[in-house]
Amino acid sequence: MPSGEQSYVDHPMLTEDVIEARQYQLQLAAAARQTHTLVCLPTGLGKTTVSLLVTAYRLEEDIGGKSLLLAPTKPLVEQHAAFYREALDVPDDEVVVFTGETRPDDREAEWSSARVVVATPQVVENDLVGGRISLRDVVHCTFDECHRATGDYAYTYIAERYHADAATPLATGMSASPGGNEEDIQQVCENLGVRNVEVMTEDDADVGEYTYDTDVEWERIDLPDDVLEVRDALNEVITERLEKLKELGVTRKTSPDVSQKDLNKMRAQLQSLIDNDQSEGYQGMSVHAEVMKLRRAVELVETQSVESVRRYFERQRNAARSSGASKASQRLVSEPKVKQAMRTAEEFDGLHPKFRRARMLLAQTLGVEDGERIIVFTESRDTAEALTDFLGGHFDTRRFVGQGDADGSDGMTQKEQRETLDEFRDGEFEVLVSTSVAEEGLDVPEVDLVLFFEPVPTAIRSVQRKGRTGRQTEGRVVVLMAEDTRDEAYFWISRRREQEMEDELRSLKGVADELEEDLSEDQQALGDYAEADAGEANADSVSDDAASADGGSASDTGEAAGASGEVDDAGDAQAGLSDFEAPDPDDVEGTESEDDATVARAGEGDDVEEAVEIVIDQRELDSHIARDLSKRDGVDTRLETLDVGDYVLSDRVAAERKSHSDFLDTMLGGDRSLFEQAKDLTRHYTRPVLLLEGDGDLYAERNVHPNAIRAALASLAVDWGISIVHTRDADDTADMLETIAEREQTDNDREVSSHGEKAAKTLGEQQEYVVSAIADIGPVTARSLLDHFGSVESVMTATEDDLLEAEGVGSVTAERIREVVASDYQP
C-alpha cells in the first residue's frame, strides 16, 4: 500500500477530501478527457472514480451540460448515484436515478433539471425511442461494465444515438474484463464509438501499489453414493430421450453429457420441422424440453446440493398438476426412474459434502485466522437459501439474491439489497451468501475469503468475483469442485478462458496503438459524430502529462504529474486533477468549443423542417423498427400501450405489422384471430393498414392451402377495407411507415391520435376509452377496472387501496389513477 499521508484531488466540482489522488486514476482520467476511451482496470481499483473525474471536468467546462452514467443493474445504479452525490459538488437532487421503478412521466420531468443521471440502459433506450428525453446536452456518457455492448444490448443503440445527437459528445467505457480476445474487445469499442484504449493491469507499478496477489485454490470433492444414484438415474432417462430424438434424425449423440451447443442445434432442426408443419417437430420439441429439464436436475444434484434438486422436483410436480401443464412436465414427473430419483433425493438425510467443506473453510477463516468477512457465491438461488440456513446455524449469515421471483423462490427488493450490503460493510454480519447479482461492480467491501460453491465457466464472471478480494489485504479464493461432474468440465473451461483473458489484456497493452488505428479506420462511418478529423485527433489528443498507452508509471513518463502538482504535508509531489488541463477543443475529436456548443443549442430548431410523429406500441420494442425510426432525422417517436394496431401514423391511419409467420398464426387462431384484429382496426381508424413483412413466398411458408390465404387477404381488403402493403424486411417496413406518416401529416395535414378518429360504437367501448386515456393504463387494465368496479364513476372515485384489489393493478397504477383524478388541473 502507498506510504505517507493521503492526498486528495482538488477540483471545483468535487467535494473536498473525498477523492484520493491515485496517480493511475489521474492518468486514466487525463486520457479519457481527450477522446472516446475504453478504460480497462482490475475490479475494485476505482473505474467509477476515473469516470467521475472526467465528468467533473466536463460539467465545469459546460455549465448547461449534464452527465449520463449507465449501469446494467438497479443495485449498481443506486451505488453509483450514492457515490456521485457524495463526491460531486452538486445538489443531491440534481443527481437522479432512472430505473424501471421510476415512472416515465417522472423521468421526463427530472431529466430536464438533472446534472447527473444514473440509469439502467433499458430505461434510457425506452425513453429515447419514446421521445421523452434528448441527449443533446449530455457532455459525458459512461458505459459501466461495457463488455455488454454486443448484439442487441441497449448500450449499442444508446451509443449510436449519443454520438449522433449530442452537441459535444464524450464517451467512456469501463470494464475489468472487456472481452475474451482482441476481436471481441474491438467489437465493443466499435459499438460504443470508442477510439482510444487505456489498459492498466496489476503489473503496472502505480496500480500494483494498491493490490495484493489473490491465490486461487481448487478443492476436489467426492460425492456420496446416494447423490451419484440420483444423478445416474436421471442420466439414464436423458439417454432414453436422446434416443428418441435420434430416431427423428436431429442428432446422432445419445450420451447424457452432450454439449449445450449440440442441444441448441437439435432445437434448431426441430424448429425447422415445425415451420414446415411436420408433426415430428412438435413431438421432438416436447422431448427436447424434457432433456433440458433433466439436465438441469443433474446439474443441481452434482454441483449444488440435494436440497436444491428437491426443490426443483417439487416445482416440476406443481407445474405438472397445474392447468395447461406441458406434456413434457407431465411425462417428466410420471417417468418411473425420475420418480425413484425424487424418492432417493427426499430420503437423503446427509449433507452434500460441499456444505461440510464450506463450513470448515468458514470456521478456519473466521475462527483460526481471525477473519472478518466472507462471501460465498453460488449459481442457484435455492442453494443460496439452503446455504444461508445451514451456515446460519454456525455463523452470522445473510443471503443476497436478485429481485423478483425466480423459479418459485422469493427475491429481494432493491431496498433490501441496499440495506444488506450496508450492514455487511458495517460488519453487522460475517458471511454473505450471494448469487450472481453481486458479481458486476457492486461495491462489496474487501473480504478475507471468496468461496465459489462451484466453478464459473465464463471468464468475465470469474474475474468479477475474484475482484471482491485482494483490495486492501492479501485475499484468498477457494473453488469447490465435485469430482467427475460438470464441475470438472467447468474447471477446465474456466482455467482456459481466464488465462486467455489475462494473456489478451497483456497483449492488448502492447497493441493499443495498433488497435486504436484499426478503430479509427473501421469507424470512418462514425466520422459524422464529430467535426474534427479522426487522424488529427488521435495524433493531437494525448496530453504530455498523460501516461503512455502501454500503461507506464509516473516515473516512466517523466513528470507525468505536471509542473503544478500539489505538495502534501509529507512533502511528496502529488498530482491533482487540475494538473491535466483541458485540450483545445479544436484539437479534440468529437468536441466543439463552448461558444459553438452554446450557439448550437440556442439555435436548435431554427429553420428545421417539422418532424412527423409515429406512435409505437410498447410491445414493438422487441423489433428493430422502433429503434430505427427513433434514429431518423425528421421522425419523432412516442411509446404507448396501444389498444389497436402496432403503429399510429395519423388520426385515421394505424398499421398492424405481421411477418408471414405471424399472419398465418392469426389466420389459424391463436390469442386473437386475424379478423378480430381487423374488426378493431376498422372500428377506430378509417384508413387501416396491414404491413405484411417477409421476402419469402407467403404461400410456401406453411402447409396452408393457397386459396385459404387468398381468401383471407381478399376479405381483409374487400370486406374490411384494410390496405395490404407488402414489405421485404424490418428496414423496408420502417421506410414504409415513415413514408405513410409523411404523406398523412405533411401532405394531408393530419394530426396523430392514438385513439383514432372514429368514436367508439358501443357504450362499453366508450367507457374503456375514458379509463384507458390515463397514462400507463392499457386496454386490458381498463377492462379489469371496469369489471371490478362496474362503472367509470366508481373507478374514478375509488381509493388507492380499493384500486389495488382489481386484477392486474399494482401500486404504481393505482397511484397514477389517483394522481390524475384528484390533482388540481394544470393547463
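Residues numbered from 1 in each chain as written. Predicted model: local features only at pLDDT ≥ 70, side-chain atom pairs only at ≥ 80, totals over all residues. Heavy atoms only, no water.

Per the secondary structure count, the protein chain includes 32 helices and 21 strands. Residues counted as buried form 53% of the 827 residues belonging to the protein chain. If you take every contact in the protein chain between residues at least 6 apart in sequence, the share linking residues at least 24 apart comes to 73%. Summing over all exposed atoms, the protein chain offers an accessible surface of approximately 36,300 Å²; the carbon and sulfur share of this is 43%. (Helix = DSSP H or I, 4+ residues; strand = E, 2+ residues; numbered from the N terminus. Buried < 20%, exposed > 50% of the residue type's maximum accessible area, 1.4 Å probe, protein only. Contact = heavy atoms within 4.5 Å. Areas by Shrake-Rupley, 256 points an atom, 1.4 Å probe, with all protein chains shown as cover.)

Another point: the confidence of the model for the protein chain. Averaged over all residues, the pLDDT of the protein chain equals 80, while 79% of them reach at least 70. The lowest-confidence element of the protein chain is strand β14 (residues 566–567), averaging 36 in pLDDT; the highest-confidence one is strand β4 (residues 116–119), averaging 97. (pLDDT = per-residue confidence, 0-100.)

Turning to the packing of helix α28 (residues 763–772) against helix α29 (residues 779–789), a few remarks are in order. One can describe the packing of α28 onto α29 by two numbers: an axis separation of 9 Å at closest approach and a directional angle of 115°. It follows that α28 is roughly perpendicular to α29 by the angle criterion. Judged by the sense of rotation from one axis to the other, the crossing of α28 with α29 is right-handed. Across the interface between the two elements, Gln767, Glu768, Val771 and Ser772 from α28 touch Ala782, Arg783, Leu785 and Leu786 from α29. Across the contact of α28 with α29, the residue classes tally to four nonpolar, two polar and two charged. (Axes fitted to C-alpha atoms, helices over the stretch in contact; angles between N-to-C directions. Parallel < 35°, antiparallel > 145°, perpendicular 65-115°, else oblique. Left-handed = near helix turned anticlockwise from the far one by under 90°. Nonpolar A, V, L, I, M, F, W, Y, C, P; charged D, E, K, R; others polar.)

Where charged atoms from two side chains of opposite charge approach closely, those side chains can pair. Using the criterion set out here, one finds 46 salt bridges in the structure. Here Glu61 ties to Arg33 by a salt bridge, and the two come within 3.5 Å at their closest N and O atoms. Of this pair, Glu61 sits in helix α2 (residues 47–61) while Arg33 sits in the loop between α1 (23–32) and β1 (37–40), and the two are 28 residues apart along the sequence. Judged by its relative accessible area of 5%, Arg33 falls in the buried class. Three or more residues are tied together by salt bridges with common partners; here these are Glu236, Glu240, Arg241, Glu290, Arg331, Glu335 and Lys337. (Salt bridge = Lys/Arg side-chain N within 4 Å of Asp/Glu carboxyl O.)

The topology assignment puts Leu28 in helix α1. Taking relative accessible area as the criterion, Leu28 reaches 1% and is therefore assigned buried. On a C-alpha basis, the gap between Leu28 and Val39 in space is 7.2 Å, while along the polypeptide they are eleven residues apart. Residue contacts for Leu28: discarding those within four places in its chain leaves Val39, Leu41, Val50, Glu198 and Met200.

With that settled, the discussion passes to the packing of helix α25 (residues 674–684) against helix α26 (residues 706–719). Here α25 crosses α26 at 10°, and the two axes come no closer than 11 Å. Between α25 and α26, the angle is such that the two are roughly parallel. Along its contact with α25, which presents Leu674, Phe675 and Ala678, the element α26 presents Ala712, Ser715 and Leu716. When the residues that make up the contact of α25 with α26 are grouped by side-chain class, the tally is five nonpolar, one polar and no charged.

Let's shift gears to helix α9 (residues 225–247). End to end, α9 covers 33 Å across 23 residues, agreeing with the expected 33 Å (1.5 Å per residue, within 8%). Buried residues of α9: Val227, Val230, Arg231, Ala233, Leu234, Asn235, Val237, Ile238, Arg241, Leu242 and Leu245, and no others. Where the residues of α9 are buried, they touch α10 (260–275), α11 (279–303), α12 (306–321) and α14 (336–347). At the C-terminal side of α9, Gly249 shows a positive phi close to 80°. (Expected span 1.5 Å × (residues − 1).)

Ordered by their spatial adjacency, six strands build an open sheet running β17-β16-β18-β19-β20-β21, and the pairing between neighbours is mixed. Strands with a single pairing partner mark the edges of an open sheet, and in this sheet they are β17 (635–640) and β21 (723–727). Two elements, strand β20 (residues 689–693) and β21, share five bridges in a ladder whose sense is parallel. Note that in β21 the partner of Leu692 across the bridge is His726. Packing against the sheet, helix α5 (residues 121–129) makes contact with β16 (612–617) and β17, and its axis sits at approximately 120° to β17. (Pairing = 2+ DSSP bridges.)

A few words on a negative patch on the surface. Judged by side-chain charge, Asp225, Asp226, Glu229, Glu347 and Asp349 come together as a negatively charged surface patch. The element contributing the most residues to the negative patch is α9, with three residues. For Asp226, the location among the structural elements is in helix α9. (Patch = residues over 30% accessible without salt bridge, like charges linked within 9 Å, V, L, I, M, F, W, Y side chains within 5 Å. Lys, Arg positive; Asp, Glu negative; His and termini not counted. Charge placed at Lys NZ, Arg CZ, Asp CG, Glu CD.)

This next bit is on the pairing of strand β11 (residues 431–434). In regular strands, side chains alternate between the two faces of the sheet. Burial of β11 is two-sided: the residues Val431 and Val433 facing one way and the residues Leu432 and Ser434 facing the other way are all buried. Two strands pair when backbone bridges link them, and strand β9 (residues 374–377) and β11 are joined in this way by four bridges, in the parallel orientation. Counted as the bridge partner of Ile375 is Leu432 from β11. When strand β10 (residues 397–400) meets β11, the two strands line up parallel, connected through four bridges. Residue pairing in the sheet places Arg399 in a bridge with Val433 of β11.

The strand order β3-β4-β2-β5-β6-β1-β7 describes an open sheet built from seven strands, whose pairing is parallel. Strand pairing shows two members of the sheet lacking a second neighbour, β3 (95–98) and β7 (196–199), which therefore form its edges. Neighbour to neighbour, the strand axes of the sheet diverge by 15° on average, direction disregarded. Relative to the sheet, helix α4 (residues 104–113) contacts β2 (66–70), β3, β4 and β5 (138–144), its axis offset from that of β3 by approximately 155°.

Let us now look at the environment of Thr99. You can see Thr99 is positioned in the loop between β3 and α4. Assessed through its relative accessible area of 3%, Thr99 is described here as buried. Counting along the chain gives 21 residues from Thr99 to Glu78, while the straight-line C-alpha distance between them is 9.3 Å. Those residues in contact with Thr99 that sit more than four places away from it in its chain are Lys74, Val77, Arg107, Thr120 and Val123.

Each pair of aromatic rings is reported with the distance of its centres and the angle of its planes. All told, the structure shown has eight aromatic pairs when counted by the stated rule. Measuring from centroid to centroid gives 6.3 Å for Phe377 and Phe452, while their planes differ by 65°, and the two rings are edge-to-face. Pair noted here: Phe377 is in strand β9 and Phe452 is in strand β12 (residues 449–452), with a separation of 75 residues, a long-range link. Judged by relative accessible area, which is 0%, Phe377 ranks as buried. Residue classification places Phe452 among the buried positions, given a relative accessible area of 2%. Here the aromatic residues Phe143, Tyr153 and Tyr155 are joined through ring pairs into a cluster of three or more. Lying over the aromatic face of Phe453, Lys354 brings its terminal NZ or CZ to 5.3 Å of the ring centre. (Phe/Tyr/Trp six-rings, centres within 6.5 Å; stacked < 30°, edge-to-face > 60°. Lys NZ or Arg CZ within 6 Å of the ring centre and 35° of its normal.)

A positive phi angle, near 60°, is found at Asp17, a position not held by glycine. Tracing the chain through its elements places Asp17 in the segment before α1. Despite not being glycine, Asp749 has its phi angle at roughly 55°, a positive value. Of the residues examined, Asp749 reaches a relative accessible area of 65% and is grouped as exposed.

Throughout the structure, instances matching the rule amount to zero disulfides. The thiol of Cys146 is unpaired, and the distance to the nearest cysteine sulfur, on Cys40, comes to 6.8 Å. A relative accessible area of 0% places Cys146 in the buried class. (Disulfide = S-S within 2.5 Å.)

Before going further, it helps to examine the side chain of Thr383. Considering the arrangement of structural elements, one finds Thr383 in helix α16 (residues 381–392). When neighbours within four sequence positions are excluded, Thr383 is seen to be in contact with Gln304, Ser305, Ser308, Thr378 and Phe453.

As a further point, take the environment of Ser753. Turning to its location among the elements, Ser753 is positioned in the loop between α27 (730–747) and α28. Sequence-wise, Ser753 and Val648 are 105 residues apart; in three dimensions their C-alpha atoms are separated by 7.3 Å. Residues contacting Ser753, with those up to four places away along its chain left out, are Val648, Ser650, Asp651 and Tyr685.

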